Amino acid sequence: MASAALAQTVPVVMLSDIHFDPFHDPAKVAQLRTAAASEWDAILNAPDTATQAADFAGLQRSCRAKGIDTPMPLLVSSLAAERAEMTKPLFVTVSGDLMAHQFDCKFHTLFPKSTAAEYSAFAAKTVAFVAWELKKTFPAAPIYFALGNNDSGCKDYTEDMNSAFLQGDGQSFAGDALNAANRAAIVKEFSQLGDYNIALPAPFEHTRLIVLQDIFESKRYTNCDGTPDKTGAAKQIEWLRAELAAAVAKHEKVWVMAHIPPGIDAYSTFSKGGNVCGGGDATMFLGSAALGDVLAEYAGTVKLGLFGHTHMDEMKQFHVGAGMGVPIKLVPSITPVNGNNPAFTVAKVDPKTATLVDYSVYAANNQTGVGTVWSKEYTYSTTYKEPDYSAQSLDKLMAVFVGDKAGSSEISKAYQNFYFVGDPGVSRNLKAAAMQLVWHGYACSMTEMSDDGFRTCACPAKP
(Lines give C-alpha, C1' and ligand atoms only; values in the text may rest on other atoms or scores of the structure.)
Protein backbone atom coordinates (compact mmCIF):
# COMPACT_ATOMS: atom_id res chain seq x y z
CA MET A 1 0.00 0.00 0.00
CA ALA A 2 2.86 2.38 0.80
CA SER A 3 4.47 1.72 -2.58
CA ALA A 4 1.18 2.36 -4.35
CA ALA A 5 0.75 5.64 -2.47
CA LEU A 6 4.25 6.80 -3.36
CA ALA A 7 3.63 5.97 -7.03
CA GLN A 8 0.88 8.61 -7.05
CA THR A 9 3.06 11.38 -5.63
CA VAL A 10 4.77 14.37 -7.23
CA PRO A 11 8.22 15.72 -6.22
CA VAL A 12 8.73 19.08 -4.52
CA VAL A 13 11.98 20.73 -3.39
CA MET A 14 11.81 22.65 -0.09
CA LEU A 15 14.40 25.25 0.94
CA SER A 16 14.72 27.77 3.73
CA ASP A 17 17.11 30.30 5.26
CA ILE A 18 19.49 30.65 2.34
CA HIS A 19 20.93 33.86 3.83
CA PHE A 20 23.01 34.66 0.75
CA ASP A 21 25.90 37.03 1.52
CA PRO A 22 26.94 39.28 -1.40
CA PHE A 23 29.53 40.91 0.91
CA HIS A 24 31.75 37.83 1.16
CA ASP A 25 34.27 39.56 -1.11
CA PRO A 26 33.71 43.19 -0.11
CA ALA A 27 35.78 44.63 -2.97
CA LYS A 28 33.21 43.27 -5.47
CA VAL A 29 30.19 45.00 -3.93
CA ALA A 30 30.67 48.30 -5.78
CA GLN A 31 30.35 46.35 -9.04
CA LEU A 32 27.27 44.55 -7.78
CA ARG A 33 25.57 47.86 -6.97
CA THR A 34 25.74 49.02 -10.59
CA ALA A 35 25.10 45.65 -12.27
CA ALA A 36 21.73 44.05 -12.96
CA ALA A 37 20.92 40.99 -10.84
CA SER A 38 21.29 38.85 -13.96
CA GLU A 39 24.92 40.05 -14.25
CA TRP A 40 25.94 39.19 -10.68
CA ASP A 41 26.85 35.63 -11.62
CA ALA A 42 29.95 36.66 -13.54
CA ILE A 43 31.10 39.05 -10.83
CA LEU A 44 30.60 36.67 -7.93
CA ASN A 45 32.09 33.65 -9.71
CA ALA A 46 35.23 35.55 -10.70
CA PRO A 47 38.38 34.78 -8.66
CA ASP A 48 38.49 36.33 -5.21
CA THR A 49 40.19 39.70 -4.99
CA ALA A 50 43.64 39.78 -3.40
CA THR A 51 42.31 41.27 -0.16
CA GLN A 52 39.13 39.15 0.17
CA ALA A 53 40.04 37.31 3.36
CA ALA A 54 41.23 40.39 5.24
CA ASP A 55 38.40 42.59 3.96
CA PHE A 56 35.73 40.07 4.90
CA ALA A 57 37.22 39.40 8.33
CA GLY A 58 37.25 43.14 9.01
CA LEU A 59 33.65 43.52 7.90
CA GLN A 60 32.59 40.61 10.10
CA ARG A 61 34.30 42.22 13.10
CA SER A 62 32.82 45.64 12.43
CA CYS A 63 29.29 44.19 12.28
CA ARG A 64 29.83 41.68 15.11
CA ALA A 65 28.69 38.87 12.86
CA LYS A 66 28.00 35.66 14.77
CA GLY A 67 29.17 33.40 11.95
CA ILE A 68 29.52 33.03 8.19
CA ASP A 69 26.43 32.98 5.99
CA THR A 70 26.13 31.57 2.47
CA PRO A 71 28.86 32.76 0.05
CA MET A 72 28.65 32.23 -3.69
CA PRO A 73 30.49 28.84 -3.71
CA LEU A 74 28.02 27.41 -1.18
CA LEU A 75 25.01 28.78 -3.07
CA VAL A 76 26.32 27.23 -6.31
CA SER A 77 27.06 23.91 -4.60
CA SER A 78 23.64 23.73 -2.95
CA LEU A 79 21.78 24.49 -6.17
CA ALA A 80 23.79 21.87 -8.05
CA ALA A 81 23.03 19.29 -5.35
CA GLU A 82 19.32 20.13 -5.39
CA ARG A 83 19.16 19.69 -9.14
CA ALA A 84 21.15 16.44 -8.96
CA GLU A 85 18.66 14.97 -6.46
CA MET A 86 15.55 16.28 -8.20
CA THR A 87 15.95 17.38 -11.80
CA LYS A 88 12.29 18.17 -12.43
CA PRO A 89 10.35 19.07 -9.29
CA LEU A 90 6.76 20.13 -9.75
CA PHE A 91 7.64 23.29 -7.81
CA VAL A 92 10.13 24.68 -5.29
CA THR A 93 9.29 26.38 -1.98
CA VAL A 94 11.57 28.85 -0.18
CA SER A 95 10.29 29.67 3.30
CA GLY A 96 12.14 32.92 3.86
CA ASP A 97 15.41 34.66 4.78
CA LEU A 98 17.14 34.98 1.45
CA MET A 99 19.42 37.79 2.70
CA ALA A 100 22.44 37.49 5.01
CA HIS A 101 22.50 38.48 8.67
CA GLN A 102 23.88 41.97 9.48
CA PHE A 103 23.03 42.93 5.90
CA ASP A 104 22.30 46.58 6.72
CA CYS A 105 25.45 46.98 8.82
CA LYS A 106 27.67 45.52 6.12
CA PHE A 107 26.17 47.72 3.41
CA HIS A 108 26.37 50.93 5.44
CA THR A 109 29.92 50.11 6.61
CA LEU A 110 31.03 49.84 2.99
CA PHE A 111 28.91 52.77 1.78
CA PRO A 112 28.42 55.12 4.75
CA LYS A 113 27.01 57.94 2.61
CA SER A 114 24.35 55.82 0.87
CA THR A 115 20.69 56.74 1.10
CA ALA A 116 17.83 54.65 2.42
CA ALA A 117 16.56 54.24 -1.14
CA GLU A 118 19.95 52.99 -2.33
CA TYR A 119 20.06 50.45 0.47
CA SER A 120 16.53 49.25 -0.29
CA ALA A 121 17.40 48.88 -3.97
CA PHE A 122 20.49 46.79 -3.20
CA ALA A 123 18.53 44.58 -0.80
CA ALA A 124 15.82 44.01 -3.43
CA LYS A 125 18.48 43.23 -6.03
CA THR A 126 19.99 40.61 -3.71
CA VAL A 127 16.63 38.89 -3.35
CA ALA A 128 16.16 39.09 -7.13
CA PHE A 129 19.57 37.48 -7.65
CA VAL A 130 18.72 34.50 -5.43
CA ALA A 131 15.42 34.14 -7.31
CA TRP A 132 17.34 34.32 -10.61
CA GLU A 133 19.76 31.57 -9.55
CA LEU A 134 16.92 29.27 -8.52
CA LYS A 135 15.12 29.93 -11.77
CA LYS A 136 18.23 28.96 -13.74
CA THR A 137 18.52 25.77 -11.68
CA PHE A 138 14.87 24.77 -12.16
CA PRO A 139 13.74 26.47 -15.39
CA ALA A 140 10.56 24.42 -15.79
CA ALA A 141 9.36 24.69 -12.19
CA PRO A 142 7.59 27.58 -10.47
CA ILE A 143 9.50 28.90 -7.46
CA TYR A 144 7.35 30.07 -4.54
CA PHE A 145 9.04 32.44 -2.08
CA ALA A 146 8.18 33.80 1.33
CA LEU A 147 10.15 36.63 2.88
CA GLY A 148 11.78 36.33 6.31
CA ASN A 149 12.78 38.74 9.05
CA ASN A 150 16.16 39.39 7.40
CA ASP A 151 14.51 40.16 4.05
CA SER A 152 13.90 43.87 4.46
CA GLY A 153 14.47 47.13 2.66
CA CYS A 154 15.35 48.73 6.03
CA LYS A 155 16.92 46.27 8.47
CA ASP A 156 16.22 43.04 10.32
CA TYR A 157 12.60 42.76 11.59
CA THR A 158 11.59 46.09 10.06
CA GLU A 159 9.55 46.96 7.00
CA ASP A 160 6.85 49.37 5.84
CA MET A 161 3.63 48.33 4.19
CA ASN A 162 3.57 49.14 0.47
CA SER A 163 7.34 49.71 0.46
CA ALA A 164 9.52 49.91 -2.64
CA PHE A 165 11.31 46.79 -1.36
CA LEU A 166 8.08 44.77 -1.27
CA GLN A 167 7.06 46.07 -4.68
CA GLY A 168 10.41 45.06 -6.17
CA ASP A 169 10.33 41.61 -4.61
CA GLY A 170 6.75 41.10 -5.77
CA GLN A 171 7.87 41.67 -9.34
CA SER A 172 10.81 39.26 -8.89
CA PHE A 173 8.69 36.53 -7.36
CA ALA A 174 5.87 36.95 -9.86
CA GLY A 175 8.33 36.27 -12.66
CA ASP A 176 8.96 32.83 -11.16
CA ALA A 177 5.30 31.83 -10.89
CA LEU A 178 4.96 30.76 -14.58
CA ASN A 179 1.14 30.69 -14.43
CA ALA A 180 -0.28 34.05 -15.65
CA ALA A 181 -3.09 34.11 -13.08
CA ASN A 182 -0.60 33.41 -10.30
CA ARG A 183 1.71 36.16 -11.52
CA ALA A 184 -1.15 38.63 -11.44
CA ALA A 185 -2.15 37.51 -7.93
CA ILE A 186 1.39 37.99 -6.60
CA VAL A 187 1.79 41.45 -8.15
CA LYS A 188 -1.61 42.52 -6.79
CA GLU A 189 -1.14 41.33 -3.21
CA PHE A 190 2.58 41.27 -2.49
CA SER A 191 3.36 44.99 -2.29
CA GLN A 192 0.91 45.44 0.59
CA LEU A 193 2.32 43.06 3.20
CA GLY A 194 4.40 40.52 1.28
CA ASP A 195 1.44 38.10 1.10
CA TYR A 196 -0.14 36.23 -1.79
CA ASN A 197 -2.56 33.39 -2.56
CA ILE A 198 -2.11 31.23 -5.67
CA ALA A 199 -3.30 27.92 -7.12
CA LEU A 200 -0.84 25.03 -6.95
CA PRO A 201 -0.17 23.52 -10.38
CA ALA A 202 -1.72 20.38 -11.88
CA PRO A 203 -1.98 17.57 -11.01
CA PHE A 204 -2.93 19.25 -7.70
CA GLU A 205 -6.69 19.51 -7.53
CA HIS A 206 -8.45 22.47 -5.90
CA THR A 207 -5.40 23.33 -3.82
CA ARG A 208 -3.99 26.74 -2.96
CA LEU A 209 -0.76 28.04 -1.49
CA ILE A 210 -1.15 31.01 0.85
CA VAL A 211 2.10 32.84 1.60
CA LEU A 212 2.63 35.34 4.43
CA GLN A 213 5.44 37.73 5.29
CA ASP A 214 4.85 37.23 8.98
CA ILE A 215 7.56 39.65 10.08
CA PHE A 216 4.57 41.96 10.75
CA GLU A 217 3.44 39.57 13.49
CA SER A 218 6.82 39.34 15.20
CA LYS A 219 7.19 40.82 18.68
CA ARG A 220 10.35 42.51 17.37
CA TYR A 221 8.67 44.16 14.38
CA THR A 222 8.77 47.92 13.82
CA ASN A 223 8.16 50.24 10.90
CA CYS A 224 11.30 51.39 9.11
CA ASP A 225 11.39 54.51 11.30
CA GLY A 226 11.60 52.32 14.40
CA THR A 227 8.03 52.81 15.64
CA PRO A 228 6.03 49.76 16.78
CA ASP A 229 2.92 49.16 14.70
CA LYS A 230 0.35 46.35 14.96
CA THR A 231 -1.66 47.50 11.95
CA GLY A 232 0.09 45.16 9.51
CA ALA A 233 -0.33 42.13 11.76
CA ALA A 234 -4.06 42.80 12.18
CA LYS A 235 -4.52 43.28 8.42
CA GLN A 236 -2.56 40.13 7.69
CA ILE A 237 -4.60 37.93 10.03
CA GLU A 238 -7.84 39.40 8.71
CA TRP A 239 -6.68 38.68 5.14
CA LEU A 240 -5.60 35.12 6.00
CA ARG A 241 -8.90 34.30 7.70
CA ALA A 242 -10.83 35.64 4.69
CA GLU A 243 -8.71 33.61 2.24
CA LEU A 244 -9.17 30.43 4.27
CA ALA A 245 -12.92 31.01 4.57
CA ALA A 246 -13.07 31.42 0.78
CA ALA A 247 -11.14 28.16 0.36
CA VAL A 248 -13.64 26.34 2.59
CA ALA A 249 -16.54 27.74 0.56
CA LYS A 250 -14.91 26.46 -2.65
CA HIS A 251 -14.00 23.06 -1.11
CA GLU A 252 -10.31 23.78 -1.62
CA LYS A 253 -7.30 22.45 0.24
CA VAL A 254 -4.58 24.84 1.40
CA TRP A 255 -0.88 24.94 2.18
CA VAL A 256 0.32 27.91 4.23
CA MET A 257 3.92 29.10 4.02
CA ALA A 258 5.66 31.78 6.05
CA HIS A 259 9.02 32.22 7.72
CA ILE A 260 8.58 32.53 11.49
CA PRO A 261 6.55 29.61 12.88
CA PRO A 262 3.72 30.12 15.34
CA GLY A 263 3.81 28.53 18.77
CA ILE A 264 6.49 28.02 21.43
CA ASP A 265 10.15 28.82 20.78
CA ALA A 266 11.62 25.94 22.77
CA TYR A 267 15.26 26.95 22.28
CA SER A 268 14.75 30.48 23.62
CA THR A 269 12.52 29.23 26.43
CA PHE A 270 15.17 26.81 27.69
CA SER A 271 18.27 28.92 26.97
CA LYS A 272 16.86 31.90 28.87
CA GLY A 273 16.07 29.71 31.85
CA GLY A 274 12.40 30.63 32.00
CA ASN A 275 10.69 28.92 34.93
CA VAL A 276 7.56 27.89 33.06
CA CYS A 277 6.51 25.36 35.68
CA GLY A 278 6.90 28.04 38.35
CA GLY A 279 4.46 30.31 36.57
CA GLY A 280 6.83 32.01 34.14
CA ASP A 281 5.93 32.45 30.49
CA ALA A 282 7.32 30.41 27.64
CA THR A 283 8.93 32.36 24.81
CA MET A 284 6.72 32.59 21.74
CA PHE A 285 8.07 32.84 18.19
CA LEU A 286 5.57 35.56 17.26
CA GLY A 287 4.08 38.52 19.08
CA SER A 288 0.73 36.81 19.57
CA ALA A 289 -1.03 33.48 19.11
CA ALA A 290 -3.17 34.85 16.25
CA LEU A 291 -1.49 32.99 13.37
CA GLY A 292 -1.55 29.64 15.18
CA ASP A 293 -5.17 30.21 16.23
CA VAL A 294 -6.29 30.83 12.64
CA LEU A 295 -4.44 27.75 11.37
CA ALA A 296 -6.03 25.64 14.09
CA GLU A 297 -9.45 27.09 13.27
CA TYR A 298 -9.07 25.81 9.71
CA ALA A 299 -7.30 22.57 10.59
CA GLY A 300 -9.36 20.48 8.18
CA THR A 301 -8.54 22.81 5.30
CA VAL A 302 -4.85 23.53 5.98
CA LYS A 303 -3.03 20.36 4.96
CA LEU A 304 0.50 21.64 5.58
CA GLY A 305 2.30 24.59 7.11
CA LEU A 306 5.84 25.31 5.85
CA PHE A 307 8.18 27.48 7.91
CA GLY A 308 11.88 28.02 8.62
CA HIS A 309 13.66 30.54 10.88
CA THR A 310 15.26 28.15 13.41
CA HIS A 311 17.69 26.73 10.81
CA MET A 312 17.02 23.30 12.30
CA ASP A 313 15.11 20.29 10.94
CA GLU A 314 11.91 20.29 13.00
CA MET A 315 8.35 18.99 13.15
CA LYS A 316 5.25 20.45 14.77
CA GLN A 317 1.65 19.29 14.89
CA PHE A 318 -0.89 21.70 16.34
CA HIS A 319 -3.40 19.22 17.70
CA VAL A 320 -7.05 20.35 17.79
CA GLY A 321 -8.87 17.01 18.17
CA ALA A 322 -8.68 13.30 17.42
CA GLY A 323 -7.00 13.00 14.03
CA MET A 324 -7.41 16.75 13.51
CA GLY A 325 -4.53 19.17 13.47
CA VAL A 326 -2.18 21.21 11.34
CA PRO A 327 0.99 19.40 10.21
CA ILE A 328 3.89 21.87 10.37
CA LYS A 329 7.32 21.32 8.80
CA LEU A 330 10.27 23.55 9.67
CA VAL A 331 12.75 23.26 6.81
CA PRO A 332 16.49 23.25 7.70
CA SER A 333 18.76 26.00 6.44
CA ILE A 334 21.26 26.39 3.65
CA THR A 335 23.29 28.84 5.72
CA PRO A 336 25.74 27.26 8.20
CA VAL A 337 25.80 30.39 10.37
CA ASN A 338 24.68 28.53 13.51
CA GLY A 339 27.31 25.83 13.13
CA ASN A 340 24.98 23.41 11.36
CA ASN A 341 25.83 21.98 7.98
CA PRO A 342 23.73 23.19 5.01
CA ALA A 343 20.69 21.10 4.10
CA PHE A 344 17.67 20.95 1.81
CA THR A 345 14.58 18.75 1.57
CA VAL A 346 13.10 16.74 -1.29
CA ALA A 347 9.46 15.83 -0.68
CA LYS A 348 6.84 13.54 -2.19
CA VAL A 349 3.29 14.90 -2.16
CA ASP A 350 -0.08 13.36 -3.01
CA PRO A 351 -1.62 15.97 -5.32
CA LYS A 352 -5.16 14.67 -4.86
CA THR A 353 -5.19 15.15 -1.09
CA ALA A 354 -2.40 17.76 -0.81
CA THR A 355 -0.78 15.48 1.79
CA LEU A 356 2.97 15.47 2.34
CA VAL A 357 3.57 11.73 1.97
CA ASP A 358 7.31 11.51 2.54
CA TYR A 359 10.50 13.54 2.47
CA SER A 360 14.26 13.13 2.59
CA VAL A 361 16.77 15.64 3.96
CA TYR A 362 20.10 16.05 2.14
CA ALA A 363 23.10 17.56 3.90
CA ALA A 364 26.54 18.91 2.98
CA ASN A 365 29.68 17.43 4.51
CA ASN A 366 31.21 20.88 5.02
CA GLN A 367 30.07 24.48 5.40
CA THR A 368 31.93 26.18 2.55
CA GLY A 369 30.61 24.79 -0.73
CA VAL A 370 34.21 24.04 -1.76
CA GLY A 371 34.77 20.36 -2.48
CA THR A 372 31.43 19.69 -0.83
CA VAL A 373 29.74 16.30 -0.96
CA TRP A 374 25.97 16.19 -0.38
CA SER A 375 24.30 13.01 0.83
CA LYS A 376 21.01 11.83 2.29
CA GLU A 377 20.65 12.41 6.04
CA TYR A 378 17.46 10.41 6.47
CA THR A 379 14.03 9.66 5.03
CA TYR A 380 10.93 10.39 7.12
CA SER A 381 9.00 7.20 6.35
CA THR A 382 11.83 4.78 7.14
CA THR A 383 13.03 6.69 10.21
CA TYR A 384 9.67 7.31 11.87
CA LYS A 385 7.71 4.38 10.43
CA GLU A 386 4.68 6.49 9.47
CA PRO A 387 2.88 6.26 6.09
CA ASP A 388 2.69 10.05 5.60
CA TYR A 389 3.01 13.45 7.24
CA SER A 390 -0.71 13.90 7.75
CA ALA A 391 -2.50 15.09 10.89
CA GLN A 392 -3.50 11.51 11.70
CA SER A 393 0.04 10.15 11.40
CA LEU A 394 1.57 13.03 13.32
CA ASP A 395 -0.96 12.55 16.12
CA LYS A 396 0.51 9.09 16.70
CA LEU A 397 4.11 10.22 16.30
CA MET A 398 3.73 13.21 18.63
CA ALA A 399 2.04 11.02 21.25
CA VAL A 400 5.17 8.85 21.25
CA PHE A 401 7.46 11.89 21.54
CA VAL A 402 5.49 13.49 24.39
CA GLY A 403 5.05 10.17 26.19
CA ASP A 404 8.78 9.42 26.04
CA LYS A 405 9.72 11.84 28.83
CA ALA A 406 13.31 10.61 29.01
CA GLY A 407 13.76 10.95 25.25
CA SER A 408 15.33 7.50 25.15
CA SER A 409 13.25 5.69 22.52
CA GLU A 410 14.70 4.89 19.11
CA ILE A 411 12.62 7.46 17.25
CA SER A 412 13.15 10.17 19.88
CA LYS A 413 16.90 9.66 19.59
CA ALA A 414 16.61 9.79 15.80
CA TYR A 415 14.86 13.17 16.04
CA GLN A 416 17.49 14.47 18.48
CA ASN A 417 20.24 13.38 16.11
CA PHE A 418 18.75 14.83 12.93
CA TYR A 419 17.50 18.09 14.50
CA PHE A 420 20.97 19.66 14.17
CA VAL A 421 22.30 18.93 10.68
CA GLY A 422 25.99 18.14 10.67
CA ASP A 423 28.67 15.51 10.29
CA PRO A 424 28.57 12.71 12.86
CA GLY A 425 31.05 13.72 15.53
CA VAL A 426 31.55 15.44 18.86
CA SER A 427 29.62 18.61 18.05
CA ARG A 428 26.57 16.81 16.76
CA ASN A 429 26.64 14.28 19.58
CA LEU A 430 26.80 17.08 22.13
CA LYS A 431 23.82 18.81 20.50
CA ALA A 432 21.81 15.59 20.59
CA ALA A 433 22.75 14.96 24.22
CA ALA A 434 21.78 18.51 25.19
CA MET A 435 18.46 18.11 23.43
CA GLN A 436 17.75 14.88 25.29
CA LEU A 437 18.13 16.75 28.59
CA VAL A 438 15.20 19.04 27.67
CA TRP A 439 13.37 16.50 25.55
CA HIS A 440 10.02 16.42 27.32
CA GLY A 441 9.66 20.18 27.24
CA TYR A 442 10.76 20.31 23.62
CA ALA A 443 8.26 17.59 22.69
CA CYS A 444 5.50 19.62 24.34
CA SER A 445 6.51 22.63 22.21
CA MET A 446 5.93 20.48 19.11
CA THR A 447 2.23 20.10 19.89
CA GLU A 448 1.20 23.09 22.01
CA MET A 449 0.60 26.62 20.72
CA SER A 450 -0.10 28.47 23.96
CA ASP A 451 1.58 29.13 27.31
CA ASP A 452 -1.15 27.31 29.19
CA GLY A 453 -1.12 24.27 26.91
CA PHE A 454 2.66 24.10 27.04
CA ARG A 455 2.70 24.37 30.84
CA THR A 456 0.06 21.66 31.23
CA CYS A 457 2.04 19.33 28.96
CA ALA A 458 5.54 20.07 30.25
CA CYS A 459 5.04 20.47 33.99
CA PRO A 460 4.36 17.78 36.60
CA ALA A 461 0.79 17.71 37.83
CA LYS A 462 0.36 19.34 41.22
CA PRO A 463 -0.88 17.01 43.98
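So, here is what we can say about the structure in this document. (Residues numbered from 1 in each chain as written. Predicted model: local features only at pLDDT ≥ 70, side-chain atom pairs only at ≥ 80, totals over all residues. Heavy atoms only, no water.)

Brief notes about the environment of Glu 205
Next, step 1: Note on placement: Glu 205 falls in the loop between strand S4 (196-199) and strand S5 (207-211).
Next, step 2: Taking the C-alpha atoms as reference points, Glu 205 and Lys 253, 48 residues apart in sequence, are found 8.3 Å from one another.
Next, step 3: Ignoring any residue separated from it by four or fewer positions in sequence, one finds Glu 205 in contact with Lys 253, Pro 351 and Lys 352. (Helix = DSSP H or I, 4+ residues; strand = E, 2+ residues; numbered from the N terminus. Contact = heavy atoms within 4.5 Å.)

Comments concerning the sheet that holds strand S10 (residues 343-350)
Next, step 1: A sheet is described by the order of its strands in space; here six strands give the open sequence S3-S2-S1-S10-S11-S12, paired in mixed fashion. Both outer strands of the open sheet, strand S3 (143-146) and strand S12 (374-379), are each paired with one neighbouring strand and no more. With strand direction ignored, the average angle separating the axes of adjacent strands in the sheet is 25°.
Next, step 2: In the packing of helix H7 (residues 116-137) onto the sheet, the strands contacted are strand S1 (10-15), strand S2 (91-95) and S3, and the crossing angle to S3 comes to about 155°. (Pairing = 2+ DSSP bridges. Axes fitted to C-alpha atoms, helices over the stretch in contact; angles between N-to-C directions.)

Let's talk about the pattern of salt bridges
Next, step 1: Taken as a whole and judged by the stated rule, the model has 13 salt bridges.
Next, step 2: Among the salt bridges present, the one from Glu 133 reaches Lys 136, with a minimum N-O distance of 3.1 Å. Of this pair, Glu 133 and Lys 136 both sit in helix H7, three residues apart, which is roughly one turn of that helix.
Next, step 3: Residue classification places Glu 133 among the buried positions, given a relative accessible area of 6%.
Next, step 4: With relative accessibility at 41%, the residue Lys 136 sits in the partly exposed group.
Next, step 5: Residue Arg 428 is joined to Glu 377 by a salt bridge in which the shortest nitrogen-to-oxygen separation is 2.6 Å. Highlighted residues: Arg 428 in helix H16 (residues 426-437) and Glu 377 in strand S12, separated in sequence by 51 residues.
Next, step 6: Salt bridges sharing common partners tie together Asp 41, Glu 133 and Lys 136. (Salt bridge = Lys/Arg side-chain N within 4 Å of Asp/Glu carboxyl O. Buried < 20%, exposed > 50% of the residue type's maximum accessible area, 1.4 Å probe, protein only.)

Quick word on a nonpolar patch on the surface
Next, step 1: The grouping of Phe 270, Leu 437 and Val 438 at the surface amounts to a nonpolar patch, some 280 Å² of accessible area in total.
Next, step 2: For Leu 437, a relative accessible area of 76% gives the class exposed. (Patch = residues over 30% accessible without salt bridge, like charges linked within 9 Å, V, L, I, M, F, W, Y side chains within 5 Å. Areas by Shrake-Rupley, 256 points an atom, 1.4 Å probe, with all protein chains shown as cover.)

So, the side chain of Lys 28
Next, step 1: You can see Lys 28 is positioned in the loop between S1 and helix H2 (29-34).
Next, step 2: What Lys 28 contacts, discounting residues up to four positions off in sequence, is Ile 43, Leu 44, Ala 46, Pro 47, Asp 48 and Thr 49.

Re the state of the cysteines
Next, step 1: One pass over the structure, following the stated rule, counts four disulfides.
Next, step 2: Residue Cys 277 pairs covalently with Cys 459 via a disulfide, S to S 2.0 Å. Judged by the sign of its S-S torsion, about -95°, the bond between Cys 277 and Cys 459 is left-handed. Of the two residues, Cys 277 is situated in the loop between helix H11 (266-271) and helix H12 (290-297) and Cys 459 in the segment after helix H18 (451-458); the sequence distance between them amounts to 182 residues.
Next, step 3: For Cys 459, a relative accessible area of 13% gives the class buried.
Next, step 4: Two residues, Cys 444 and Cys 457, share a disulfide whose sulfurs are 2.0 Å apart. Looking down the S-S bond of the Cys 444 and Cys 457 bridge, the torsion is -75°, so its handedness is left-handed. Highlighted residues: Cys 444 in helix H17 (residues 439-447) and Cys 457 in helix H18, separated in sequence by 13 residues. Neither residue differs from the other here; Cys 444 and Cys 457 are each classed as buried.
Next, step 5: Regarding the disulfides, the protein carries the connectivity 1-2, 3-4, 5-8, 6-7 under sequence-order numbering of its bonded cysteines. (Disulfide = S-S within 2.5 Å.)

Some points on helix H6 (residues 103-110)
Next, step 1: Buried within H6 we find Phe 103, Lys 106 and Phe 107. Angularly, the buried residues of H6 cover 95° about the axis, an arc narrow enough to put them on a single face.
Next, step 2: Where H6 is buried, its residues meet H2, helix H4 (52-62) and H7. (Arc of directions from axis to C-beta.)

Some points on the packing of aromatic side chains
Next, step 1: Across all of its chains, the model carries 34 aromatic pairs by this definition.
Next, step 2: Arranged with centres 5.4 Å apart and planes meeting at 50°, the rings of Phe 91 and Tyr 144 form a pair that is tilted. Residue Phe 91 is found in strand S2, and its partner Tyr 144 is found in strand S3; the two are separated by 53 residues along the sequence.
Next, step 3: Residue Phe 91 is classed as buried on the basis of its relative accessible area of 0%.
Next, step 4: Taken together, the ring pairs in this structure connect Tyr 359, Tyr 378, Tyr 380, Tyr 384, Tyr 389, Phe 401, Tyr 415, Phe 418, Tyr 419, Trp 439 and Tyr 442 into an aromatic cluster.
Next, step 5: We note Arg 33 situated over the ring of Phe 111; from NZ or CZ to the ring centre the distance is 4.4 Å. (Phe/Tyr/Trp six-rings, centres within 6.5 Å; stacked < 30°, edge-to-face > 60°. Lys NZ or Arg CZ within 6 Å of the ring centre and 35° of its normal.)

Points about the nonpolar core
Next, step 1: With 108 residues, the main nonpolar core has Leu 134, Trp 255, Met 315, Tyr 384, Phe 401 and Tyr 415 as its most contacted residues.
Next, step 2: Ranked by residues supplied to this core, first place goes to H7 with ten residues.
Next, step 3: Ignoring anything within four residues of it in the chain, the contact list for Leu 134 reads Leu 15, Ile 18, Leu 79, Glu 82, Val 94, Ile 143 and Phe 145.
Next, step 4: Tyr 157, Leu 286, Leu 291 and Val 294 belong to the second-largest nonpolar core, a separate cluster that totals 27 residues. (Core = buried A, V, L, I, M, F, W, Y, C linked by side-chain atoms within 4.5 Å.)

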